[in-house]
Amino acid sequence: MLRVKIAIDGPAGAGKSTIARLLAKRLGLRYLDTGAMYRALTLAALQRGVPCSDEEALLRVATSMDLKIVFEQETKSNLIYLDGEDVTFLIRQPEVNANVSLVSSHKKVRDFIAALQKEIGRQGSIVMDGRDIGTVVMPDANWKIFLQASVGERARRRMREMQRNGHDVDILELEEQIRQRDHLDSTRENSPLRKAEDAIEVDTTHLSIEDVVDKVLAIIRGADRDV
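Residues numbered from 1 in each chain as written. Predicted model: local features only at pLDDT ≥ 70, side-chain atom pairs only at ≥ 80, totals over all residues. Heavy atoms only, no water.

Right, let's talk about the nonpolar core for a bit. Across soluble globular proteins, nonpolar side chains have a tendency to be buried as a group. Leu 32, Leu 41, Ile 80, Ile 91, Val 109, Met 128 and Met 138 are the most contacted members of the largest nonpolar core, which totals 35 residues. Only α2 (34-48), α3 (55-64), β4 (78-82), α4 (94-103), α5 (107-121), β6 (126-130) and α6 (133-137) provide two or more residues apiece to this core. With eight residues, α2 is the single largest residue contributor to this core. Leu 23, Ala 24, Val 202 and Val 216 belong to the second largest nonpolar core, which has 23 residues in total. (Core = buried A, V, L, I, M, F, W, Y, C linked by side-chain atoms within 4.5 Å. Buried < 20%, exposed > 50% of the residue type's maximum accessible area, 1.4 Å probe, protein only. Helix = DSSP H or I, 4+ residues; strand = E, 2+ residues; numbered from the N terminus.)

Structure follows, in structure tokens:
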């Protein structure tokens, strides 16, 4: 199989990470959750007492932190290490959720993290998910998929994820957080959330995870039977 790049974009809670990881597993490709990189930076800033509104201070954190991403071959998941500590679950805690959009809105921060992501993308075939993969990080991707879902469904998914991690959450509060994040992500000046012109949109609201994976695979294999 030739080098393959697949970009999965969409708003918070649309199922990007789950679908991209399973897609990578089905295709035997590497998988990168780019949002985890911004989450790790957010966690580092919170731990160091750095205001998430301070772009220059955040950039200093980004350039000084030791961020390591381990690609698990069997599960196709990413293990995230920050300064030698496994923070794979810590980066999913509510305080990180509440601040990551602000952290990722800063141009210098996005430029730095995007450069790391582009370098990872140049190292071989990969499925990468985020909010600007098809437009900024991998505009040359072979396939670009934009996942969408209703706010209510995305809130329910996020609630189930957080409950599995032991966090008590309110569904109405989650819905409001998602609306606010959608607004921040889509209106920010730097790499706003938007569908690439050549991306194919898939609404996941009423589909199971396996249905979405099958649908995306059909799109990919419909264009190239060798993948």
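After presenting the structure, the write-up continues.
Turning next to unusual backbone geometry. Positive phi outside glycine occurs at Lys 76, with the angle close to 65 degrees. Position of Lys 76 among the secondary structure elements: in the loop between β3 (67-71) and β4. Taking the relative accessible area as the measure of exposure, Lys 76 reaches 8% and is therefore buried. The backbone phi angle of Asp 83 is positive, close to 50 degrees, even though this residue is not glycine. On the secondary structure map, Asp 83 appears in the loop between β4 and β5 (85-86). We classify Asp 83 as partly exposed; its relative accessible area is 43%.

A word on the sheet that holds β3. Ordered in space as β3-β4-β5, the three strands form an open sheet in which the pairing is antiparallel. This sheet does not close on itself; its edge strands, each paired only once, are β3 and β5. Bridge count between β3 and β4: five bridges; the pairing is antiparallel. The residue bridging Phe 71 from the neighbouring strand is Asn 78, located in β4. Strands β3 and β4 of the sheet are contacted by α2, whose axis makes an angle of about 25 degrees with β4. (Pairing = 2+ DSSP bridges. Contact = heavy atoms within 4.5 Å. Axes fitted to C-alpha atoms, helices over the stretch in contact; angles between N-to-C directions.)

For helix α7 (residues 151-164), built from 14 residues, the straight-helix expectation of 20 Å at 1.5 Å per residue is met to within 8% by its first-to-last C-alpha distance of 20 Å. Every buried residue of α7 is listed here: Gly 152, Glu 153, Arg 154, Ala 155, Arg 157, Arg 158, Met 159 and Met 162. Next to the buried residues of α7 lie α2, α4, β7 (143-148) and α8 (171-187). In the segment just after α7, Gly 166 is the residue with positive phi, at about 85 degrees. (Expected span 1.5 Å × (residues − 1).)

As enumerated under the stated definition, the model contains 21 salt bridges in all. The partner of Asp 140 in a salt bridge is Lys 5, and the shortest N-O contact between them spans 3.4 Å. Placement of Asp 140 in the loop between α6 and β7 and of Lys 5 in strand β1 (residues 5-9) is noted, with a sequence separation of 135 residues between them. With a relative accessible area of 51%, Asp 140 lands in the exposed category. Residue classification places Lys 5 among the buried positions, given a relative accessible area of 12%. Here Glu 153 and Arg 160 are joined by a salt bridge, their closest N and O atoms 3.9 Å apart. Linked by salt bridges that have partners in common, Arg 131, Arg 181, Asp 185 and Arg 188 make up one network. (Salt bridge = Lys/Arg side-chain N within 4 Å of Asp/Glu carboxyl O.)

Its location among the elements puts Arg 154 in helix α7. We classify Arg 154 as buried; its relative accessible area is 3%. Within polar-contact distance, the side chain of Arg 154 engages the backbone oxygen of Ala 12 at 2.9 Å. (Polar contact = N/O pair within 3.5 Å; in protein donor to acceptor, adjacent residues only side chain to side chain.)

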